[in-house]
Amino acid sequence: EGEASYADIPDNTAILGAAKITGRTSKGYAIGVLDAVTNRETAAFVRSSDQGRARQMVEPRANYFVSRVKKDFNAGATTFGGIVSSTLRQIGDDPVAAARLHSRATALGADWVHTWARRRYRWMGSVVASDVGGTPQAMARTQRSSVHYFQRPDRRVVDGGFFGGRYDTTATGM
């Protein structure tokens, strides 16, 4: 928090380990799985207020996962697919990181394409659901971001339910 007169921030984070599996099953399912664990990274900085030196975590240890499955039918004229992605961060008790970063994020999706009349016509679509979680400060920051605009004055608010969208400064998940 506060301002720094100098900061030495790493350009990237170290990957501690990663695995990728891809292939096609005998039943025709195309599968891809990727998982990676990254290391905790800190930045050295000089405080503007007293010129003291300090360190701050800029990226917590994290696990990133994504998996995709797809199946073709009718010689590829119809396809169905699904995807799952997940990010889990070990923020710990660092108040600066906890106020800025989500501790978890998950997304699920499904998609389809159907073609007919010698593939002249196409019907395609997708559905997606996502969930993020973290401290009330991180979630309030997410709600105020331009991607979400939960605080927009002209937004029609739906109370409760799956699509409830009231700006909530105490929320720990969305």
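A quick note: this is a predicted structure, and the numbers were derived from the prediction, not measured.

Criteria and thresholds
- Residues numbered from 1 in each chain as written.
- Predicted model: local features only at pLDDT ≥ 70, side-chain atom pairs only at ≥ 80, totals over all residues.
- Heavy atoms only, no water.
- Buried < 20%, exposed > 50% of the residue type's maximum accessible area, 1.4 Å probe, protein only.
- Helix = DSSP H or I, 4+ residues; strand = E, 2+ residues; numbered from the N terminus.
- Contact = heavy atoms within 4.5 Å.
- Pairing = 2+ DSSP bridges.
- Axes fitted to C-alpha atoms, helices over the stretch in contact; angles between N-to-C directions.
- Salt bridge = Lys/Arg side-chain N within 4 Å of Asp/Glu carboxyl O.

Peer 1: Which residues make up helix H2 (residues 136-144), and what values go with them?
Peer 2: Among all positions in H2, only Ala 138, Met 139, Ala 140, Thr 142 and Gln 143 are buried. Those residues of H2 that are buried are in contact with helix H1 (95-100) and strand E9 (121-133).

Peer 1: Report on the sheet that holds strand E1 (residues 4-8), specifying residues and quantitative values.
Peer 2: Judged by pairing direction, the sheet is antiparallel, and its 3 strands sit side by side in the order E1-E4-E5 without closing on themselves. Only two strands of the sheet have a single neighbouring strand rather than two, namely E1 and strand E5 (53-59). In this sheet, adjacent strand axes meet at a mean angle of 30° when their direction is disregarded. As paired elements, strand E4 (residues 41-47) and E5 share 6 bridges and run antiparallel to each other. Within the sheet, the bridge partner assigned to Glu 41 lies in E5 and is Glu 59.

Peer 1: Before we move on, can you summarise the sheet that holds strand E3 (residues 29-38) with the specific residues and values?
Peer 2: Read from one edge to the other, the open sheet built from 6 strands follows the order E2-E3-E6-E7-E8-E9, with strand pairing classed as antiparallel. Looking at strand neighbours, the two that pair on one side only are strand E2 (15-24) and E9, the edges of this open sheet. Shown here is a sheet whose adjacent strand axes are inclined to one another by a mean of 5°, direction ignored. Relative to E9, strand E8 (residues 104-116) is paired through 13 bridges, and the arrangement is antiparallel. Considered in E9, the bridge of Ala 105 is made with Val 132.

Peer 1: Before we move on, could you go through the pattern of salt bridges and cite the residues and values that matter?
Peer 2: Scanning the entire structure with this criterion turns up 4 salt bridges. Between Glu 59 and Arg 89 there is a salt bridge, and its shortest N-O distance comes to 3.9 Å. Placement of the pair is Glu 59 in strand E5 and Arg 89 in strand E7 (residues 78-90), with a sequence separation of 30 residues. Of the charged contacts in the structure, one is a salt bridge between Asp 131 and Arg 104, with a shortest N-O distance of 2.3 Å. Of this pair, Asp 131 sits in strand E9 while Arg 104 sits in strand E8, and the two are 27 residues apart along the sequence. Asp 131 gets classed as partly exposed once you look at its relative accessible area, which sits at 31%. Look at Arg 104 and you get partly exposed, because its relative accessible area is 31%.

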